[in-house]
Amino acid sequence: SIPIFGAQSVSWRGELCTLGPYPMMSCSDEGSSLEEEEEDQGAEIVAALSNARRSFSSGHSRPALVQFLRLIAIEPNLAPLIDEEVVAALEASVSALGNDPASGSILFNGTSRALPFSAHLAVAEGSFWHRASRHSEAMRCFERALDLDPSSAAAQEGLENLRSFAAERWHFRMLNDRARNAAYDTAIIRALHALREAGCHEPLVLDIGSGTGILSLMAARAGAAQVVGVEASGLLCDLAGSIAARHDFAAGARVSYVNAHSSAVTVAAQDAGQVGPRLPTRDGDTGGSQSLPRRADLVVTELVDSGLVGEHILKVLRHARSQLLAPGGRVIPDTAQLFAVPIEAPELRPRQRILDDVEAAGAAGAEVPAVFSVDAGSSSGCSRLLHGLVLDESLASRVKADEPYTCEPLAYYPHSSLLEYEPLLALDLDLARLTAAQDQAATEVSALRFTVGGAAGGAASGTATVRTIDAVAVHFRLGLDRELDRELDRGSG
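Conventions and cut-offs
Residues numbered from 1 in each chain as written. Predicted model: local features only at pLDDT ≥ 70, side-chain atom pairs only at ≥ 80, totals over all residues. Heavy atoms only, no water. Helix = DSSP H or I, 4+ residues; strand = E, 2+ residues; numbered from the N terminus. Buried < 20%, exposed > 50% of the residue type's maximum accessible area, 1.4 Å probe, protein only. Contact = heavy atoms within 4.5 Å. Areas by Shrake-Rupley, 256 points an atom, 1.4 Å probe, with all protein chains shown as cover. Phe/Tyr/Trp six-rings, centres within 6.5 Å; stacked < 30°, edge-to-face > 60°. Salt bridge = Lys/Arg side-chain N within 4 Å of Asp/Glu carboxyl O. Core = buried A, V, L, I, M, F, W, Y, C linked by side-chain atoms within 4.5 Å. Axes fitted to C-alpha atoms, helices over the stretch in contact; angles between N-to-C directions. Parallel < 35°, antiparallel > 145°, perpendicular 65-115°, else oblique. Left-handed = near helix turned anticlockwise from the far one by under 90°. Nonpolar A, V, L, I, M, F, W, Y, C, P; charged D, E, K, R; others polar. pLDDT = per-residue confidence, 0-100. Expected span 1.5 Å × (residues − 1).

Caption draft 1: Geometry of the overall build of the chain. Scanning the chain from N- to C-terminus turns up 17 helices and 16 strands. Considering the chain as a whole, with its 493 residues, one finds that 43% of them fall into the buried category. Partitioning the intrachain contacts of the chain with sequence separation of at least 6 by distance along the chain shows that 72% fall at a separation of at least 24. Surface summary for the chain: the accessible area is close to 25,300 Å², and the carbon and sulfur share equals 51%.

Caption draft 2: Structural view of the packing of aromatic side chains. If you walk through the whole model with that rule in mind, you get 2 aromatic pairs. Ring centres 5.3 Å apart and planes at 35° place the aromatic pair Phe108 and Phe128 in the tilted group. Taken as a pair, Phe108 in helix α4 (residues 101–114) and Phe128 in helix α5 (residues 119–131) lie far apart in primary sequence, 20 residues in all. Assessed through its relative accessible area of 1%, Phe108 is described here as buried. Judged by its relative accessible area of 2%, Phe128 is buried.

Caption draft 3: Just the pattern of salt bridges, in detail. Here the structure, examined in full by the defined rule, presents 11 salt bridges. The shortest N-O distance in the salt bridge between Glu137 and Arg134 comes to 2.8 Å. Classification of Arg134 as partly exposed rests on a relative accessible area of 34%. Put simply, Asp238 and Arg140 hold a salt bridge, and the shortest N to O gap is 3.5 Å. In this pair, Asp238 sits in helix α11 (residues 234–244) while Arg140 sits in helix α6 (residues 135–148), placing the two residues 98 residues apart along the sequence.

Caption draft 4: Geometry of the environment of Pro350. As for its position among the elements, Pro350 is in the loop between β9 (335–344) and α14 (357–364). Residues Pro350 and Asp470, spaced 120 residues apart in sequence, show a C-alpha to C-alpha distance of 8.8 Å.

Caption draft 5: Quick look at the nonpolar core. Ranked by size, the top nonpolar core spans 38 residues in total, and within it Leu65, Phe68, Ile82, Val86, Leu90 and Phe108 carry the most contacts. Sorting the residues of this core by element identifies α1 (34–57), α2 (61–74), α3 (79–96), α4, α5, α6 and α7 (153–166) as the ones contributing at least two each. If we skip the residues at most four places from it in the chain, Ile82 touches Leu49, Arg53, Phe68 and Ile72. In terms of nonpolar packing, the next biggest core, distinct from the first, is built from 32 residues, Ile208, Val258, Leu308 and Leu427 among them.

Caption draft 6: Quick look at the packing of α2 against α3. Their axes nearest at 8 Å, the elements α2 and α3 cross at an angle of 155°. Compared by their axis directions, α2 and α3 come out roughly antiparallel. Seen from above, α2 lies across α3 with left-handed handedness. On α3, the residues that touch Ser61, Arg62, Leu65, Phe68, Leu69 and Ile72 of α2 are Ala79, Ile82, Glu85, Val86, Ala89, Leu90, Ala92 and Ser93. When its residues are assigned to classes, the contact of α2 with α3 shows 10 nonpolar, 2 polar and 2 charged.

Caption draft 7: Focus on the confidence of the model for the chain. Per-residue pLDDT for the chain has a mean of 75; in total, 66% of the residues score no lower than 70. For the stretch residues 1–31, pLDDT sits under 50, and the model shows 54 contacts to residues farther than four places along the chain or on other chains.

Caption draft 8: Up close: the side chain of Thr212. Among the structural elements, Thr212 can be located in the loop between β3 (204–208) and α10 (214–221). We classify Thr212 as buried; its relative accessible area is 12%. Apart from residues no more than four positions distant in its own chain, Thr212 is found in contact with His171, Leu175, Leu236, Leu239, Ala240 and Ile243.

Caption draft 9: A look at α2. In this model, α2 (14 residues) spans 20 Å end to end at C-alpha, consistent with the 20 Å of a helix rising 1.5 Å per residue. Most of α2 sits out of view: 10 of its 14 residues are buried. Of the residues making up α2, those classed as buried are Ser61, Ala64, Leu65, Val66, Gln67, Phe68, Leu69, Leu71, Ile72 and Ile74.

Caption draft 10: Inspection of the packing of α3 against α5 at higher detail. Following both chains from N to C, one finds α3 and α5 inclined at 20°, their axes separated by 9 Å at the closest point. In terms of their interaxial angle, α3 and α5 are classed as roughly parallel. Handedness of the crossing formed by α3 with α5: right-handed. Counted together, Asp83, Glu84, Val87, Leu90, Glu91 and Val94 of α3 and His120, Leu121, Ala124 and Phe128 of α5 form the full contact between these two elements. When the residues that make up the contact of α3 with α5 are grouped by side-chain class, the tally is 6 nonpolar, 1 polar and 3 charged.

Caption draft 11: Inspection of unusual backbone geometry at higher detail. The peptide bond linking Ile332 to Pro333 adopts the cis configuration, its omega dihedral lying at 5°. Positionally, Pro333 belongs in the loop between β8 (325–332) and β9. Its identity is not glycine, yet Asn99 carries a phi of approximately 55°, on the positive side. In this structure, Asn99 sits in the loop between α3 and α4. Even without being a glycine, Leu308 presents a positive backbone phi close to 80°.

And the structure:
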């Protein structure tokens, strides 16, 4: 094996100094002038540099990296002149090792000691960590590169790519949805007020799937004594921490963020002063939390996708309620309803989510039409399979598992509802009292029956109107505060 780092001490007099297998110089104790030594030294360095370059061009990246780094250890002034060559040898070495994070970390750490002021190296390391999905490390590398060279276009581009990756475009739509934000803010204020009225004077709030931290900040502003955000994305966790650090009220509420899945979060043990396992944290204050110091008084989350349950909100809230929420604690949202409407939309017909007949023949055992026609006014069956709605139980195996449904702006596509009456209630969930049975029911195939409405003029003319079911559109309603809902219902008469 090749020693990669471990620079040897070099005596310039009385011994043969080597750089890998290449002799650098031989210095006698007497008879040589300083000028001759410097000339010999320079010639040997040039020769050693040529050998390192030759090793790299021959495909021997790791030996070349060793030689480059030893050269810099002997002659530090070479560093800014050959740093791009060093980084190229480093990247080739990491690639040859299969971009393994552990090996790459060793190589980058050692090279950084030789090139501590290289923006080029910091960019390369940021790109390496980005490819390894270690986004927090990548962001720190790109930021360090910009500190070293504010004009680095590569560092700026890497940072922008990371930020785009972390905060996908739907984040911006959500953060700018004032009606939604106001509803959450009101619900959090009311929940904390109710907790204080019930004797909980220092409420602890747990924000699951905290993202950029907007709900955490709402809770802090509403008077929570402590807020812990849990976020699986390290990059978003860092971003939320930096945002919280800019708000005085967040520091007063001791806002902190844990980079973990909520199922990994524990509550500090209540006996013998023991605490739960240490968790990596990103903090909005200087303290931070390792695990919840006690059970939370309020759990808030927005862990929903366009089909309501695609981000496993049911399983997450069931775990939080049993393991992380205090007795008498509250959950926001506390109810959810999913509605379904079969629609006719010719432009969406080619984009249906059912496998075509060729792919389905083996799985379904027979060819089944991918588009369904029904007589207007007839009663038809529709099976529900969340993550996606399919139109017959026999087709459950034909849903594309990797793309169960899409989010389409129906305003852009001509469409019409096939229902005669209101949308169908497909799911009605009590999130504050969620049971395993409800969780299972929401992910199983079950019958959803509807009556197809007729087109105008069809019945009068005595002719049957055939309607085509091109898609099943779904939407959901989250109840953030059932007490407020009851007040509004009473007020409306």
